[in-house]
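Chain by chain, the residues run as shown.
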Amino acid sequence: MSEHHYKDQMVKDRRWLHEHPEEGWCEFETTYFIVKRIEELGLKALCGIEVIEPTAVMGRNEETVQAAQARAQEHGVPAEFLKRLGGYTGAMAVLETGRPGPVTAIRVDIDCLPIEETNDPKHEANQGHYRSIYPGFSHACGHDGHTAVGLGVVAWLADNKEHLNGTVKVLFQPAEEGVRGAAAMAAKGIVDDVDWFAGAHIGCSARLGQVGVSHHGYLATTKFDLEYDGIQAAAGSPENGRSALMCAAATCMSLGSLPGHSKGITRVQIGKLISGVGRNIVAPHAYMQLEVRGESTEINDYMAANVEMTVKGMAAAYGVQYRLTRMGEAVTYKGDEEAVEAVKQAARTVEGVDSVVDMNAKVGSEDCTMLIRRVQQHGGKAVFFYYGCNHPGHHRGDFCIQDEVSLPIGWGVFTGFIKGRNS
């Protein structure tokens with residue numbers, strides 16, 4: 001099959017996926033789209049409960065998941081396929097050549113964001129008539145492109161299986177946003193036999209035509225949901241109540257002044273606080289979403305422990321009950337130099353690439369690090385890279401990727417990486 005044909009299919013896939021965005025742990029239509037294609041191409045497909053360890057799942061809301069399954073069935077996803085998933089999303093394609101050789105894996109993510117897509121007529125999705133059909137949700141980070149590239153790699157594997165050795169796996173990971181999905185994939189053990197591993201992201205600091213390869217980077221992070229339960233009472237008799245709102249407000253101020261760490265970057269962010277019934281009512285409940293980050297896993301653990309201690313102390317001080325739940329997790333990244341060089345070599349041969357550079361992210365977090373750590377713990381070598389696009393910023397309603405140019409570059413680097421390991 002010609003590279004032009006791969007490009008056309010990837011662009012078509014990306015635009016369908018862009019039109020049908022699904023948030024983390026709710027990607028049932030997306031997973032069906034992926035698995036159906038893998039099986040049509042003749043490769044082995046694992047999905048849902050076959051690639052996810054439920055005890056390691058974070059940030060999954062059962063009510064939202066049930067609603068997503070119902071919508072997927074309304075949109076033509078067979079009930080028997082949903083049953084096969086066991087309530088979980090994500091997939092993996094496997095090519096077993098039967099010939100001696102390494103196990104190589106690549107990973108792409110598949111979820112969207114709860115962001116309304118712009119109505120600007122100049123926006124690429126509006127010009128191309130593939131704007132999100134689901135109000136309040138869009139692929140504002142490029143995971144639709146990632147998924148399309150992953151499917152393009154699967155198609156290339158199917159076409160070249162007689163010329164490859166060993167085993168190749170393509171992971172389609174759910175719930176990257178909020179760093180919720182990779183830990184559960186890693187815990188399933190599906191990368192424990194992997195010798196070579198590559199993950200990637202479109203855009204970020206890489207411009208169109210550029211490939212950036214990371215030696216190290218990313219902040220470790222822990223995401224929390226916090227609930228305070230107090231006692232409702234009339235404001236005229238405050239001694240009869242326990243204000244969850246005041247406790248939450250005090251917690252915000254305390255967390256905002258947590259001491260950092262002398263050995264690296266730290267972050268604390270309280271992104272959401274909901275509380276209160278009315279102006280003359282002692283608030284019985286408060287709900288908060290927050291996170292910490294650290295330049296190393298150890299520093300992040302230090303910050304997370306401070307959060308746990310502060311929350312417990314505030315609950316005791318205000319006489320309320322609390323539930324602090326870990327909703328997501330990622331660690332720092334350190335690539336293996338052999339894998340870094342392998343990606344650079346592959347990128348230099350890809351049509352459309354005009355620059356291959358080192359690109360080490362010192363901010364942000366990415367839960368591909370959970371899979372990378374698992375691979376490295378079992379003796380494998382791993383790398384993370386970026387293939388560029390020109391965009392106004394991630395997590396915006398006007399995010400764009402120039403798919404006809406950017407996707408073939410990502411595909412070319414991934415297939416070149418695989419070819420170099422398994423030919």
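The preceding data block contains the structure.
Here the structure is a predicted model, which means the values were calculated and not measured. (Residues numbered from 1 in each chain as written. Predicted model: local features only at pLDDT ≥ 70, side-chain atom pairs only at ≥ 80, totals over all residues. Heavy atoms only, no water.)

On to the nonpolar core. Ranked by internal contacts, the top residues of the largest apolar core, which has 105 residues, are V153, L157, F172, F197, V383, F385 and F414. The residues touching F197, leaving out its near neighbours within four places in the chain, are A105, R107, V191, C368, L371, I372, V375, K381, A382, V383 and F417. Residues A244, A248, L290 and V320 belong to the second largest nonpolar core, which totals 21 residues. (Core = buried A, V, L, I, M, F, W, Y, C linked by side-chain atoms within 4.5 Å. Buried < 20%, exposed > 50% of the residue type's maximum accessible area, 1.4 Å probe, protein only. Contact = heavy atoms within 4.5 Å.)

What follows is about the sheet that holds strand β8 (residues 220-229). Read across the sheet, four strands follow the order β10-β12-β8-β13 without closing on themselves; strand pairing throughout is antiparallel. The two strands at the open ends of the sheet, each matched to only one other strand, are β10 (266-275) and β13 (321-330). Each adjacent strand pair in this sheet contributes to an overall mean axis angle of 15°, direction not counted. Note that β10 and strand β12 (residues 285-294) share nine bridges and pair antiparallel. Bridging from a neighbouring strand, S275 pairs with A286 of β12. The strands touched by helix α9 (residues 297-318) within the sheet are β8, β10, β12 and β13, with β8 carrying the most contacts at an inclination of about 10°. (Pairing = 2+ DSSP bridges. Helix = DSSP H or I, 4+ residues; strand = E, 2+ residues; numbered from the N terminus. Axes fitted to C-alpha atoms, helices over the stretch in contact; angles between N-to-C directions.)

Between its first and last C-alpha, helix α8 (residues 244-256) extends 18 Å over 13 residues, near the 18 Å set by a 1.5 Å rise per residue. Of the residues making up α8, those classed as buried are A244, C247, A248, A250, T251, C252 and L255. In the core, the buried residues of α8 are packed alongside β8, β10, β12 and α9. The N-terminus of α8 is capped by S243, whose side-chain oxygen sits 3.4 Å from the backbone nitrogen of L245. (Expected span 1.5 Å × (residues − 1). Polar contact = N/O pair within 3.5 Å; in protein donor to acceptor, adjacent residues only side chain to side chain.)

Taken as a whole and judged by the stated rule, the model has 26 salt bridges. R60 is paired through a salt bridge with E62; the nearest N and O atoms lie 2.7 Å apart. By relative accessible area, which is 23% here, R60 ends up partly exposed. The closest approach of N and O atoms between E308 and R326, which form a salt bridge, is 3.0 Å. With E308 in helix α9 and R326 in strand β13, this pair connects stretches of sequence that are 18 residues apart. Three or more residues are tied together by salt bridges with common partners; here these are R14, R15, E124, D144, D403 and E404. (Salt bridge = Lys/Arg side-chain N within 4 Å of Asp/Glu carboxyl O.)

This part is about the layout of surface pockets. In this structure, the largest pocket spans a volume of roughly 1400 Å³. Along the wall of the largest pocket there are 45 residues; nearest its centre are L113, E177, G178, V179 and H395. Where the lining of the largest pocket is concerned, the elements lending two or more residues are α3 (62-74), β8, β10 and β12. For the lining of the largest pocket, the leading source of residues is β12, giving four residues. (1 Å grid on protein atoms, 1.4 Å probe; cavity = no way out; pocket = protein on both sides within 12 Å on 5 of 7 lines; lining within 4 Å. Points joined across faces, edges and corners; volume = space filled by probe spheres on them.)

Here we take up the packing of aromatic side chains. Two aromatic rings, taken as a pair, are described by how far apart their centres are and by the angle between their planes. Per the counting criterion, the structure on display carries nine aromatic pairs. On the numbers, 4.5 Å between centres and 5° between planes, the contact of W16 with F33 is stacked. Of this pair, W16 sits in helix α1 (residues 3-19) while F33 is found in helix α2 (residues 28-40), placing the two residues 17 residues apart along the sequence. Residue class for W16 comes out partly exposed when judged on its relative accessible area of 29%. Three or more aromatic residues joined by ring pairs form one cluster here, namely Y218, Y333, F384 and Y386. When the ring centre of Y88 is taken as reference, the NZ or CZ atom of R60 above it lies at 4.4 Å. In this arrangement the basic side chain of R71 is found over the ring face of Y134, its NZ or CZ atom lying 3.7 Å from the centre. (Phe/Tyr/Trp six-rings, centres within 6.5 Å; stacked < 30°, edge-to-face > 60°. Lys NZ or Arg CZ within 6 Å of the ring centre and 35° of its normal.)

Moving on, we come to the side chain of T104. Here T104 shows up in strand β3 (residues 103-109). On the basis of relative accessible area, T104 is assigned to the buried category, the value being 0%. For T104, the side chain forms a polar contact with the side chain of N422, separated by 2.6 Å. With near-sequence residues (within four places) excluded, T104 lies in contact with T167, V168, K169, W196, F417, I418, R421 and N422.

What follows concerns the state of the cysteines. Each disulfide is one covalent bond, formed between the sulfur atoms of two cysteines. Under the criterion given, the structure shown has zero disulfides. Just so you know, C368 is unpaired, no disulfide at all, and the nearest cysteine sulfur is the one on C204, 12 Å from it. (Disulfide = S-S within 2.5 Å.)

Let us now look at the side chain of D111. Structurally, D111 can be placed in the loop between β3 and α5 (124-127). Here E176 takes part through its backbone nitrogen, which lies 3.0 Å from a polar atom of the side chain of D111. From its side chain, D111 meets the backbone nitrogen of E177 in a polar contact 2.9 Å long. In this structure D111 touches E22, E23, G24, E27, H139, H143, A175, E176 and E177, once residues within four positions along its chain are discounted.

Quick look at the environment of V383 now. Among the structural elements, V383 can be located in strand β16 (residues 381-387). Separated by 186 residues in sequence, V383 and F197 place their C-alpha atoms 6.4 Å apart. In this view, V383 contacts F197, A198, G199, V213, S214, Y333, A339, V340, V343, I372 and F417; residues no more than four positions away in its chain are not counted.

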